[in-house]
Structure formats: C-alpha cells, structure tokens
Amino acid sequence: MTSALPTRTITADLAPQTYARAAEFLSGLDTDWARHILLTGPCRHAAKPAREPYEALVRAIAYQQLHAKAGDAILARLLALYPDTAFPSAGQLLATDPEQQRRCGFSAAKLATIRGIAQARLDGVVPTRAEALTLSDETLIQRLVSLKGVGRWTVEMFLIYSLERSDILPADDYGVREGYRRLKGLEKAPTPRQMRELSLAWRPYRTVAAWYLWRIPTRG
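Reference entry: report on the structure contained in this document. Not measured: the values here are computed from a predicted model.

### With respect to the packing of aromatic side chains
Thought 1: Summed over all chains, the structure comprises 5 aromatic pairs.
Thought 2: Between Phe-25 and Tyr-205, the ring centres sit 5.4 Å apart and the planes meet at 55 degrees, which makes this aromatic pair tilted. Of the two residues, Phe-25 is situated in helix H1 (residues 16-27) and Tyr-205 in the loop between helix H12 (192-199) and helix H13 (206-213); the sequence distance between them amounts to 180 residues.
Thought 3: Judged by relative accessible area, which is 17%, Tyr-205 ranks as buried.
Thought 4: Taking the centre distance of 5.2 Å and the plane angle of 70 degrees together, the rings of Trp-33 and Trp-202 count as edge-to-face. With a gap of 169 residues between them, Trp-33 in helix H2 (residues 31-40) and Trp-202 in the loop between H12 and H13 connect regions that are remote in the sequence. We note that Trp-33, like Trp-202, is buried.
Thought 5: The structure contains a cluster of three or more aromatic residues connected by ring pairs, namely Trp-33, Tyr-180 and Trp-202.

### What about unusual backbone geometry?
Thought 1: Residue Pro-204 is reached from Arg-203 by a cis peptide bond, and omega for that bond is 5 degrees.
Thought 2: Summarising the element assignment, Pro-204 is placed in the loop between H12 and H13.
Thought 3: A positive phi angle is found at Gln-65, which is not glycine, with a value near 60 degrees.
Thought 4: Looking at the secondary structure, you find Gln-65 in the loop between helix H3 (53-63) and helix H4 (68-80).
Thought 5: Residue classification places Gln-65 among the exposed residues on the basis of a relative accessible area of 82%.
Thought 6: Located in the positive-phi region is Glu-164, a residue other than glycine, with phi close to 60 degrees.
Thought 7: Summarising the element assignment, Glu-164 is placed in the loop between helix H10 (152-161) and helix H11 (174-184).
Thought 8: Residue classification places Glu-164 among the partly exposed residues on the basis of a relative accessible area of 24%.

Definitions and cut-offs
Residues numbered from 1 in each chain as written. Predicted model: local features only at pLDDT ≥ 70, side-chain atom pairs only at ≥ 80, totals over all residues. Heavy atoms only, no water. Phe/Tyr/Trp six-rings, centres within 6.5 Å; stacked < 30°, edge-to-face > 60°. Helix = DSSP H or I, 4+ residues; strand = E, 2+ residues; numbered from the N terminus. Buried < 20%, exposed > 50% of the residue type's maximum accessible area, 1.4 Å probe, protein only.

Shown next as structure tokens:
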C-alpha cells in the first residue's frame, strides 16, 4: 500500500514589502504603469481571511448586483433567523423554510444558489478553509464554478479577499478591463480573453495589478 502524498498549504505573502516589490515590478513594465503607480501610491489591498469558504460564498452571492446598503439589510434579515449563532451552518440554512428565507429579500434564483452552496458544503464540494488552503487557484475555480449561480468572478473575489491569493486577475471584471483601457488610452476595453493574455506579463503580482487598475480615475 502506498502512503498518501502530503498536502501543502498555499500561503500568501501579502506583507507591505511584497506590495512594494510588486509595485516596483509593475512600474518597470512601461511608463504608463510607472506613472499611475507613482500617482496612486503604495498598494493598500486588504484581505478578509477569517471566514470559511461556505460563509464567504454565501455572503458574496447575497451582495451580488446590489448596493452595499441593500446587501447589508438582506443579510441582516437572514442572520436574524439564527439568533444563537454568528452565521448559520449549512445544515441550519437548509433546514429553514425557503419561503421564510425568501422574505428576507432574496430573489428565487439567488436563494437557490445560496441553498445550493450550503448543500455543496455538506457534500464536500465546497471545501473547508483548511482544505482550500491546500488547493491551487485553478482547482478551486473549476470546483466552485460547477455550482449553479456561482461564476468565475465570484470565485476569484473569494480567492483574492478570503484566501489572500496574490496572483489573481479577474479578467471578467469591468473595473479591471476599463482600468486597463484608461491606463493605455484605448478606444475599447480588452475582452476578458485578451485581458487574461495581457496579464501573463504581470505574474506573479496580478492581484496587486488588479488593485491598481481598480483605482484608475475617469479622465475627461
């Protein structure tokens, strides 16, 4: 019998020194990057790594396509259904009458996605945080986009903010593509496929690159 291979935790290095190295690397790409980074200043990306993947994904879906205040209100009503816990477990969420959850303000499609995430946690498709830390970016993306209603962008935001992954470029994100258009003075923003190809030159600092692209102001 062969022994199982040991798992390796994928740790993120998001210390200020790393941000400084990333900014220096990106500034060296060309004068457009150098000028923008100089004007913007140090990268101040802040992850929120404490949450389990199940909770992070449910929260992300709750806020999808909503202003922050509306998302806050809906999520607060959902959490009020479970006064004895900070956040309902997957089992608790599934044991609740869906109509009661719908009255919190969720659309039918969004609630189906949230309950699907809960079922996937029970089935082991949505990993624990400890397991997620041993899985590669692409493995997690492919695993989680298999869930109905969970797209690549949602998983990439999870990787950036919950798992602190340092080389993620959400190429479908409007802000990233529009930011690059403004950075380069293009008439049209790149397509997601073009954005992924362009971002290969920014490895291994694509999370920091995305942070800077999100901060390019509208000009004119």
